[in-house]
Amino acid sequence: MDLTYTPEEEEFRAGLRKWLKGVLPSLPAKPSPDDWPGRRAYDLGWQRTLYDAGYGDVHWDASPTVRLIFLEETERAGAPYVGANFVGLLHAGPTIAAEGTEAQRARWLPPVLRGEQVWCQGFSEPDAGSDLAALRTRAWRDGDDYVVSGSKIWTSHAEVADWCELLVRTDTAAPRHRGISWLAMPMDAPGITVRPLRTLAGSAEFAEVFLDEVRVPVANRVGDENDGWRVTMVTLSFERGTAFVGEVVACRRVLGDLAREARKNGRWDDPVLRRRLGRLNAEFRALWRLTQWNVSEAEASGGVPGVGGSVFKLRYSHARQDLYDAAADVLGPEALDLDRPWTLDRLSSLSYTIAAGTSQIQHTIVAERILGLPKGR
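Predicted model only: the values in this text are computed from it and were never measured.

Rules and cut-offs
Residues numbered from 1 in each chain as written. Predicted model: local features only at pLDDT ≥ 70, side-chain atom pairs only at ≥ 80, totals over all residues. Heavy atoms only, no water. 1 Å grid on protein atoms, 1.4 Å probe; cavity = no way out; pocket = protein on both sides within 12 Å on 5 of 7 lines; lining within 4 Å. Points joined across faces, edges and corners; volume = space filled by probe spheres on them. Helix = DSSP H or I, 4+ residues; strand = E, 2+ residues; numbered from the N terminus. Nonpolar A, V, L, I, M, F, W, Y, C, P; charged D, E, K, R; others polar. Pairing = 2+ DSSP bridges. Expected span 1.5 Å × (residues − 1). Bend = angle between axes of the 7 residues up to and from the residue. Buried < 20%, exposed > 50% of the residue type's maximum accessible area, 1.4 Å probe, protein only. Phe/Tyr/Trp six-rings, centres within 6.5 Å; stacked < 30°, edge-to-face > 60°. Lys NZ or Arg CZ within 6 Å of the ring centre and 35° of its normal. Axes fitted to C-alpha atoms, helices over the stretch in contact; angles between N-to-C directions. Left-handed = near helix turned anticlockwise from the far one by under 90°. Contact = heavy atoms within 4.5 Å. Parallel < 35°, antiparallel > 145°, perpendicular 65-115°, else oblique. Disulfide = S-S within 2.5 Å. Core = buried A, V, L, I, M, F, W, Y, C linked by side-chain atoms within 4.5 Å.

Undergrad: Looking at this model, I keep getting lost on empty space enclosed by the protein. Mind explaining?
TA: Under the counting rule described, the total for this entry stands at 2 cavities of 30 Å³ or more. If you add up the space inside the largest cavity, you get close to 130 Å³. Of all the elements in the fold, those that place two or more residues in the lining of the largest cavity are α2 (36-52) and α3 (64-76). In terms of residue class, the lining of the largest cavity is made up of 8 nonpolar, 3 polar and 1 charged. For the second largest cavity, the calculated volume is near 40 Å³. If you trace the second largest cavity, you find it lined by Tyr324, Ala327, Ala328, Leu331, Ala335, Trp342, Thr343 and Arg346. Counting only elements with at least two residues in the lining of the second largest cavity, the list comes to α9 (308-331) and α10 (343-349). Along the lines of polarity and charge, the residues of the lining of the second largest cavity split into 6 nonpolar, 1 polar and 1 charged.

Here it is, written out as structure tokens:
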């Protein structure tokens, strides 16, 4: 498999680097992590800047390789992350682009690209745990609407979202995976209650969402009724396949910073720590190559990442935790200081083996879909 870049792709990289160098110094200061309305405005403003410069649609209309270059270069330059735009740009948007009708794409994609709307993800439920297909949120037809009742948890950016990519059960008599539908729900619809959740790291980017007979037009369903599980697998393939690309670049940068800090504070004299940092360096280099492989596979299969994304997500989740455990070793007692770099990152890294599908789920996917092992009963 060819992992090299074409002259046209390298030209795109050079142009992007030049643009980033000129625009980043002019950006306003980032708002406080607790100021979600301010963070929403900041993130939407950055997306509008990208859109005006011709980079707004890179997540959908560009090839997977160009998308990879974009994520790599923006992270290396220290450009703002997608932030509150995460679900719209990297999950719901690509799914609608791949599975939506022409009318749906025309309706929902331009506002995301122009930095006008934020999406949240309504997949997880309190009683379903890691078994996404066990969801109980019901939706029944009433004329041209679905009437939705139930609850969601860990709903990313629900408190500032305009739309929600929502999984609902539309046929309770069908087998679990065949009675689910994928809906786009407006977050200002009557009957929606949002309750923010504060994480161990002190942030509140997640929320509980309670749905009390919320009416969602049937026209807002992406894919056929009861075919939502297949559509969801498209969403998750993006979430596990390319959504973490920028974070791999960030982790490689952090690793270099850790080595410099260890040399500065004397911890570099510990051979065990040096071996640990060396192993992490090899691991993140391998993860980057795996990312390139997954992108090449997506390029050959129409732009949707394959099950190789589960291999990446599984290993990356643990590598990230190992990285910030190593950061604690470098910092020593100062690792308990929340004002020190990497301390909050260490706390947030604990969630990575749960978010976007637990490690146990990824093990099952790898076993069944890649290794061809029999399904458990």
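Undergrad: Is there a simple way to explain the pairing of strand β2 (residues 138-142) in this structure?
TA: For a regular strand, the rule is simple: side chains alternate between the two faces of the sheet. Here β2 pairs with strand β3 (residues 145-152) via 5 bridges, running antiparallel. Pairing of Arg138 across the sheet is with Ser149, part of β3. Linking two consecutive strands that pair antiparallel, namely β2 and β3, is a turn of 2 residues; a positive phi of about 70° is found at Gly143 within it.

Undergrad: Before we go on, may I ask you to explain helix α4 (residues 86-99) in this structure?
TA: Given 3.6 residues per helical turn, the α-helix brings residues three or four places apart onto the same face. For α4, spanning 14 residues, the distance from its first C-alpha to its last is 19 Å, which sits close to the expected 20 Å at 1.5 Å a residue. The sharpest bend along α4 measures roughly 40° and falls at Ala92, with the proline Pro94 sitting one to four residues further on. The element α4 is extensively covered by neighbouring structure, given that 11 of its 14 residues are classed as buried. Those residues of α4 that sit buried are Phe86, Val87, Gly88, Leu89, Leu90, His91, Ala92, Gly93, Pro94, Thr95 and Ile96.

Undergrad: Even after reading the chapter, I still don't get the packing of aromatic side chains, so can you show me in this structure?
TA: Scanning the model with the defined rule gives 9 aromatic pairs in all. Taking 6.2 Å as the distance between ring centres and 45° as the angle between the ring planes, the aromatic pair formed by Tyr81 and Phe86 counts as tilted. Given the relative accessible area of 34%, Tyr81 is considered partly exposed. Here Phe86 falls in the buried class, since its relative accessible area comes to 16%. These aromatic residues form a ring-pair network of at least three members: Phe12, Trp19, Trp46, Tyr55 and Phe70. When the ring centre of Tyr5 is taken as reference, the NZ or CZ atom of Arg13 above it lies at 4.8 Å.

Undergrad: Help me understand the packing of α3 against helix α7 (residues 245-265), please; the structure alone is not making it clear to me.
TA: Following both chains from N to C, one finds α3 and α7 inclined at 35°, their axes separated by 8 Å at the closest point. Taken as a pair, α3 and α7 cross one another with a handedness that is right-handed. Across the interface between the two elements, Leu68, Leu71, Glu72, Glu75 and Arg76 of α3 pack against Val245, Gly246, Val249, Ala250 and Arg253 of α7. The residue inventory of the contact of α3 with α7, partitioned by class, reads 5 nonpolar, 1 polar and 4 charged.

Undergrad: Help me understand the packing of helix α1 (residues 7-23) against α3 in this model?
TA: Geometrically, a packed helix pair is captured by the angle between its two axes and the distance between the axes. Contact geometry for α1 and α3: axes closest at 10 Å, N-to-C directions at 30°. Here α3 runs roughly parallel to α1, going by the angle between their axes. The two elements α1 and α3 meet at a crossing, and its hand is right-handed. Across the interface between the two elements, Glu9, Phe12, Arg13, Leu16, Arg17 and Leu20 from α1 touch Thr65, Val66, Ile69, Phe70, Glu72, Glu73, Thr74 and Arg76 from α3. In terms of residue class, the contact of α1 with α3 is made up of 6 nonpolar, 2 polar and 6 charged.

Undergrad: Looking at this structure, I do not really get the state of the cysteines. What am I missing?
TA: Where two cysteines share a covalent bond between their sulfur atoms, that bond is called a disulfide. Under the counting rule described, the total for this entry stands at 0 disulfides. Cys164 carries a free sulfur, and the closest cysteine sulfur to it, the one in Cys120, is 3.7 Å from it.

Undergrad: Explain the nonpolar core to me, please; I cannot follow it from the model alone.
TA: Nonpolar side chains in soluble globular proteins tend to be buried together. Counting residues in each nonpolar core, the largest one holds 40 residues, and the members touching the most others are Trp46, Phe70, Leu258, Phe284, Tyr316, Leu323 and Trp342. Listing elements by their share of this core, those giving two or more residues are α1, α2, α3, α7, α8 (271-300) and α9. Among the elements that make up this core, the one with the highest residue count is α9 (10 residues). Among all residues touching Trp46, those that are not within four sequence positions of it are Trp19, Leu20, Val23, Leu24, Leu27, Ala79, Pro80 and Tyr81. Formed by 26 residues, the second largest nonpolar core is a distinct cluster that contains Trp60, Leu113, Trp182 and Ala184.

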